[in-house]
Amino acid sequence: MTAIRITDVTLRDGMHAVRHQFSLEDARAIAKALDATGVDIVEASHGDGLGGSSIQYGFAKEDEEAYLRAVCEAAPNTKVAALLLPGIGTVDDMKRAIDCGIRVIRIATHSTEADISEEHMQEARKLGLEVVGFLMLSHMTHTTVLVEEAKKMASYGAHCVYIVDSAGAMLMDEVTEKVSALRESLPPEVEVGFHAHNNLGVSVANSIAAVRAGAVRIDASLAGLGAGAGNTPLEVLVAACEKLGIDTGVDLYRAMDAAEDVVRPRMLRPVIPDRDSLTLGYAGVYSSFLLHADRAAKRFGVDARDILVELGKRKVVGGQEDMIVDVALQLAQTLARQTEGVEST
């Protein structure tokens, strides 16, 4: 039987979907429920990682250290991870997170910028953390380049390197190709992981394809809570894996109950492939841009889909959220000129 490790990202990626407003009570309730499921790792932090609470990415409701401590205390049987994006989070942020109880650090870069993770990964290894590399927006990068970037992370000390479909833009053949390439190219002791978004409605299928191609770590979240149309729903993934003979170590009924009774009542909106989140996958745009694009669309009176498609054409990546407002303003100006032209004829 194939065995995989699941990292639940409800308390990190799910923060995007609730505008980073989970309270300490929310954190404790969700962490306790996850601990009972038997999931291997629980990731917790601002949606954009350690140090992400800011005017650029959105202010969190709670203090970062208090949030991490609440999760660690409520999940004593589960490893707790934090996400860190170099340039947003720092080594000092990572050290403070260790003091709060985290045991795993997931260091994320754009899929062509693995070199900026070197300092953070090497320091994390010295500090005794389990180190995971995250190659974001992997759909934008050719497989041969992705392999070289993954090799860099492995050389810096990553125990595992993830292909991250941040835009939910991949289909199964691409997942299979890229995961297989990493598995064939990395040292056998370095694991391969896969992180999906459900913007095209295929997150579970993509995750299964990743497992069949050699990934042994898969990300999921309760009720799929996450940016865009959400992540791979934990409870659905576990059910599918059981039918396929894939051992997740997760109690299916407890995962179902946690999704239905603990997470769904805390959702601000349904996390589904609606017209805007579907556009993310179609245009290949970072899933966390969704709420920012919705706000900009309302502010400037334009269609959020037009904003997202234009961002996709410009190949905007994570960290360029300021471009969302620029694009919305430009679309509004173009629309105004077109309206004036019609009125003058």
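These numbers were taken from a predicted model, which means no experiment stands behind them.

### Examining the environment of lysine 298
In step 1: Among the secondary structure elements, lysine 298 is positioned in helix H12 (residues 290–300).
In step 2: The exposure class of lysine 298 is exposed, given its relative accessible area of 69%.
In step 3: Counting along the chain gives 172 residues from lysine 298 to lysine 126, while the straight-line C-alpha distance between them is 47 Å.

### Structural notes on the side chain of glutamate 321
In step 1: Among the secondary structure elements, glutamate 321 is positioned in the loop between helix H13 (304–313) and helix H14 (322–344).
In step 2: No salt bridge is formed by the buried glutamate 321, whose closest oppositely charged neighbour, arginine 295, lies at an N-O distance of 9.4 Å.
In step 3: Glutamate 321 has contacts with Asp48, Gln56, Tyr57, Tyr286, Ser288, Phe289 and His292, leaving out every residue within four places of it along the chain.

### Here's the deal with the domain arrangement of the chain
In step 1: Assigned domains within the chain: domain 1 (5–266) and domain 2 (275–343).
In step 2: Listed per partner, the contact involves 21 residues of domain 1 and 21 residues of domain 2.
In step 3: Taken over both partners, the interface formed by domain 1 and domain 2 buries close to 1500 Å², and the fraction arising from carbon and sulfur atoms is 62%.
In step 4: When residues of domain 1 are sorted by the area they lose upon contact with domain 2, Gln56, Tyr57 and Asn199 head the list and together hold 27% of the total.
In step 5: At the surface where domain 1 touches domain 2, the tally comes to zero salt bridges.
In step 6: Remark: the boundary between domain 1 and domain 2 carries four residue pairs in polar contact (both at pLDDT 80 or more).
In step 7: Tallied by class, residues from the side of domain 1 that touches domain 2 come to ten nonpolar, nine polar and two charged.

Scoring rules and cut-offs
Residues numbered from 1 in each chain as written. Predicted model: local features only at pLDDT ≥ 70, side-chain atom pairs only at ≥ 80, totals over all residues. Heavy atoms only, no water. Helix = DSSP H or I, 4+ residues; strand = E, 2+ residues; numbered from the N terminus. Buried < 20%, exposed > 50% of the residue type's maximum accessible area, 1.4 Å probe, protein only. Lys, Arg positive; Asp, Glu negative; His and termini not counted. Salt bridge = Lys/Arg side-chain N within 4 Å of Asp/Glu carboxyl O. Contact = heavy atoms within 4.5 Å. Domains from an automatic or database assignment. Buried area = accessible area lost by both parts, 1.4 Å probe. Polar contact = N/O pair within 3.5 Å; in protein donor to acceptor, adjacent residues only side chain to side chain. Nonpolar A, V, L, I, M, F, W, Y, C, P; charged D, E, K, R; others polar.

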